[in-house]
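The chain contents come next:
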Amino acid sequence: MFFNYILITLRNLKKQRRYALVNVIGLAIGLASALFILLYVQDELTFDRAHPYSNKTYRIGYRLEFPNGDIETYPASPAGWDNYIKDNYAGVTNITSFTSTGMPTSITYQPKDKIILTEDIVWAEADFNKIIYLPLTKGNPSFPLKEVNSMILSESAARVLFGDEDPINKQVTLSHAYMTNGKKVELTISGVYKDLPSNVHVRPKYIVNILSLKPFIKDLEHLLVSSMGDGNNNFWTESFFVINDDHQIPTIQKDLQKRANAIIAKFNLQFKFKPIIRKITDVHFDQDIDWAIRHKASDKSYIYVFITIAILILIVACINYVNLSTAKSASRAKEIGLRKTFGGIRMQLFNQFMTESFILVLIATLIAVFLVVILTPQFNTLTGKTFSFSSLFNPTMLEIIAGTVVVVTVLAGSYPSFFVSGFQPATVLKGKFAFRKGSNLFRQSLTTVQFIVAVTLLTGTVIVVRQMNLMRNSKLNAAGKQILSIRYGGFTGPATDGKYLAYKNLVTQDPEIESMTLANHLPRLDFFGSINMRMQFPDISDEQHEWFQLNGDYDFPKTFKLNIIAGRDFDTKSVADSSAVLLNESAVKALHLTAAEMVGKTIIRPAYVMGYNQRDSTRKPVTGRVIGVVEDFPYKSMHKKIDPLAISPKPHSEDRIIHVRLPAGKMGEKIAMLEKQWKTVYPGFGFDYWFIDQEFGRMYENETKIAELTEKFSALAILITCVGLYGLAAFISEQRTKEIGIRKSLGASNVQILKLLLSVFAKLLVIACVIGIPIAYYVSSQWLQSFVYRTSTSVFVFAGAVGLIAAITIITVGYESLKASLANPVDSLRRE
């Protein structure tokens with residue numbers, strides 16, 4: 001019997017190829033979109049589950065709360081805390097730790113004269129792989145970091161450094177401005193591991209045995225075991241421990257808090273310190289602290305958004321199927337009547353049509369899987385993931401695919417099967433079959449749902465894109481494609497002020513180089529340390545202000561094209577300007593003055609030494625004047641308000657980046673020139689660069705990813721709706737052929753006929769707008785609340801979105817409607 005169902009299905013599909021094609025295309029696009037989304041969701045929800053003891057592994061971090069309200073979090077703790085936990089709590093079976101730094105490390109492979117700069121490096125304890133997932137392909141799988149001066153690296157890193165050579169036992173030289181005090185260390189490659197998947201938050205490309213730092217950190221082995229952050233032997237690491245009984249975690253956290261409170265009281269420190277312990281599988285969505293440092297924590301609410309979009313896309317695809325199946329059922333009315341007359345029962349007919357639905361869904365699924373396979377590389381680029389062929393065919397995804405086939409078959413096939421199998425044979429064989437009013441109303445309701453989904457998604461997407469454009473077009477980011485940032489060694493690194501001036505002179509000899517400055521790393525990413533400065537304005541009051549200070553040379557405002565609204569820029573010929581500052585509008589407003597009134601006021605700041613926010617009490621405070629006021633510009637995330645800011649013409653002692661404004665259209669040529677001059681001034685040191693807009697990309701990594709995914713999948717949902725509208729318009733035009741012929745015979749014009757056919761969809765679109773726009777407004781408003789500076793949600797945004805949907809509908813439906821209106825009424829009536 002089942003084989004007979006299949007045979008009949010194949011005959012019907014061949015007979016109604018156009019109908020089958022429209023249905024399959026709509027379902028395939030919908031299923032492919034849903035599979036991509038579900039692949040992404042599964043990857044997000046299984047973050048860090050690759051580790052050997054993922055359900056028992058915990059991390060330690062901290063949260064600092066300062067008196068001025070500032071909060072600082074970091075995923076590190078005193079190096080001895082993990083040992084303390086293991087020694088004092090039963091059930092702790094493994095501990096390990098690593099340390100890293102934000103500044104790049106230079107790695108040299110002398111035989112190929114290969115020098116690379118990387119931040120993707122950690123110094124780890126030898127048992128690092130006992131807790132952290134490291135799929136070794138070469139080297140000792142049990143103890144790849146057994147030797148003190150050993151290093152392991154990922155397969156992609158090995159290709160960059162060694163090419164096709166076997167890396168094992170190769171010698172490399174490593175140096176770092178702080179970790180090795182700028183000195184070189186000889187290391188031996190002892191292992192290679194597969195590139196780590198995108199859904200683990202610890203994924204370095206280079207891992208070095210931490211004991212290789214013994215020549216540079218006194219009593220390092222002792223510190224790793226005993227450092228408790230008590231001021232006597234401070235050394236901090238990112239620590240992990242495995243514990244069998246997770247009920248002990250609150251007790252451990254209270255114990256660590258007690259120890260931290262004792263240290264704070266001992267030194268009379270003016271802040272609150274809170275230890276944080278998190279299970280490793282929970283850190284990806286942790287909004288309290290970014291455990292991956294350079295990658296922002298994800299927001300779990302976005303997962304629900306994507307699941308909702310996947311469901312909506314599947315609903316739209318299923319609605320297409322239901323509408324087209326029920327609409328097309330008139331052509332099979334006599335078949336149903338004959339089969340019932342010859343003894344066919346309703347259940348048999350229901351099974352027949354459910355089989356047709358299953359086969360269509362199965363064909364669409366196979367096409368969808370094919371689309372997913374061939375488009376996976378593009379999807380990886382879009383999402384930053386590392387999906388492969390095997391990702392789609394793991395047991396979980398296979399279950400999801402099978403479940404999706406069943407759900408879509410039931411959703412799409414049930415109503416048409418009940419509807420068609422319920423035809424009365426006496427009625428249909430007499431040729432008196434007609435769709436009941438309730439049936440037409442049901443199809444129109446389903447089409448309205450499609451329109452609601454399309455209006456909601458398109459309107460929401462427009463608002464998301466507008467917000468992303470607002471962030472991309474901020475003062476710094478707008479020029480980001482032209483400003484090249486070059487990593488600079490800083491105070492203890494390879495560069496000195498004298499060498500910088502020599503490099504600047506060589507570069508600026510090129511008349512096409514607009515400007516160049518040595519300044520802080522911009523924009524200020526969320527994990528950057530604070531560089532606040534205490535400031536006093538004696539001409540105004542004795543109050544001291546803890547404000548952010550950007551440090552650059554005299555060309556900083558020129559390079560970033562800051563808009564000076566009062567006063568003047570720094571003057572290289574003025575010695576007095578070395579102690580002068582520019583303030584931003586927010587600073588002037590905080591002092592309750594106008595920009596013009598602020599110019600000329602005295603400012604007193606403490607002298608500072610190397611490091612963030614460290615003052616030198618032995619030196620006299622620096623007294624200068626405010627020489628100008630600049631327009632506010634976002635120098636950090638737009639999730640945060642623009643705070644009062646001072647700009648000093650003296651580069652920071654530690655946080656130093658060279659920023660060069662390049663001429664548009666000659667980027668490659670000028671970068672080559674910059675690298676050539678760099679090698680002249682700094683031989684032996686890598687040339688590491690990026691563009692400002694790339695840093696903004698890091699800052700808005702999650703938002704950009706969400707915006708792009710929402711944009712793409714919303715477009716697909718609208719495309720699926722168009723496919724369904726096209727098929728439905730074709731059916732309606734065919735169903736009303738006789739009516740159109742009679743109307744034209746009675747004098748109706750082509751325009752009137754076209755309006756008649758389009759009016760059906762126009763009414764549904766109006767209803768959809770009344771429902772969909774408030775939904776889109778509410779959801780987008782809630783999302784925008786996380787931004788301090790946000791785009792407007794004006795009526796023009798919604799009107800534009802509705803206009804676009806209307807235009808798409810007219811184009812989609814118009815072709816079949818126009819063809820029907822232009823038909824010869826004689827042919828139409830003869831056909832009937």
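Residues numbered from 1 in each chain as written. Predicted model: local features only at pLDDT ≥ 70, side-chain atom pairs only at ≥ 80, totals over all residues. Heavy atoms only, no water.

A.B. asks: It is not clear to me how the pairing of strand S23 (residues 645-648) should be interpreted in this structure. Could you clarify?
C.D. replies: Across a regular strand the side chains alternate sides, sitting on one face of the sheet and then on the other. Burial along S23 is two-sided: Leu645 and Ile647 and Ala646 and Ser648, pointing in opposite directions, are all buried. Two elements, strand S18 (residues 544-551) and S23, share 4 bridges in a ladder whose sense is parallel. Within S23, the residue paired with phenylalanine 548 across the bridge is leucine 645. Direction of pairing for strand S20 (residues 581-584) relative to S23: antiparallel, over a ladder of 2 bridges. Paired with leucine 582 across the strands is isoleucine 647, a residue of S23. (Buried < 20%, exposed > 50% of the residue type's maximum accessible area, 1.4 Å probe, protein only. Helix = DSSP H or I, 4+ residues; strand = E, 2+ residues; numbered from the N terminus. Pairing = 2+ DSSP bridges.)

A.B. asks: Honestly, the packing of helix H3 (residues 81-88) against helix H6 (residues 249-267) in this entry has me stumped. Any pointers?
C.D. replies: How two helices pack is summed up by the angle between their axes together with the distance between the axes. Closest axis-to-axis distance for the H3/H6 pair is 12 Å, and the angle between their directions is 130 degrees. Between H3 and H6, the interaxial angle falls into the category oblique. Where H3 crosses over H6, the handedness of that crossing is right-handed. Along the contact surface, H3 presents Trp81, Tyr84 and Ile85, while H6 presents Ile252, Asp255, Leu256 and Arg259. Of the residues assigned to the contact of H3 with H6, the class counts are 5 nonpolar, no polar and 2 charged. (Axes fitted to C-alpha atoms, helices over the stretch in contact; angles between N-to-C directions. Parallel < 35°, antiparallel > 145°, perpendicular 65-115°, else oblique. Left-handed = near helix turned anticlockwise from the far one by under 90°. Contact = heavy atoms within 4.5 Å. Nonpolar A, V, L, I, M, F, W, Y, C, P; charged D, E, K, R; others polar.)

A.B. asks: What am I meant to see in unusual backbone geometry here?
C.D. replies: Residues apart from glycine generally show negative phi values, whereas peptide bonds are mostly found in trans. Following leucine 522, the chain continues to proline 523 via a peptide bond in cis, the omega torsion being -5 degrees. Positionally, proline 523 belongs in the loop between strand S16 (515-519) and strand S17 (532-536). Notably, lysine 561 is not glycine yet its phi reads approximately 50 degrees, a positive angle. With respect to the secondary-structure elements, lysine 561 resides in the loop between helix H16 (556-559) and strand S19 (564-567). Since its relative accessible area comes to 46%, lysine 561 is described here as partly exposed.

A.B. asks: Sorry, what's going on with helix H2 (residues 17-45) here?
C.D. replies: Taking 1.5 Å per residue as the helical rise, H2 with its 29 residues ought to reach 42 Å, and the 41 Å between its terminal C-alpha atoms agrees with that figure. Extensive coverage of H2 is indicated by the burial of 23 of its 29 residues. (Expected span 1.5 Å × (residues − 1).)

A.B. asks: Help me understand the nonpolar core in this model?
C.D. replies: One broad rule of soluble globular proteins: the nonpolar side chains tend to lie buried together. In this structure, Ile37, Phe306, Leu550, Phe556, Phe633, Ile647 and Phe713 are the most contacted members of the largest nonpolar core, which totals 87 residues. For this core, the element with the most residues is H2, which contributes 16 residues. When residues no more than four places from it in sequence are discounted, the contact partners of leucine 550 are Asn520, Leu522, Phe556, Phe633, Leu645, Ala646, Ile647 and Ser648. Listed in part, the 29 residues of the second largest apolar core include Val172, Val208, Leu213 and Leu224. (Core = buried A, V, L, I, M, F, W, Y, C linked by side-chain atoms within 4.5 Å.)

A.B. asks: Help me understand the environment of leucine 550, please; the structure alone is not making it clear to me.
C.D. replies: Its location among the elements puts leucine 550 in strand S18. Leucine 550 sits 31 residues away from alanine 519 along the chain, and the two C-alpha atoms are 7.5 Å apart.

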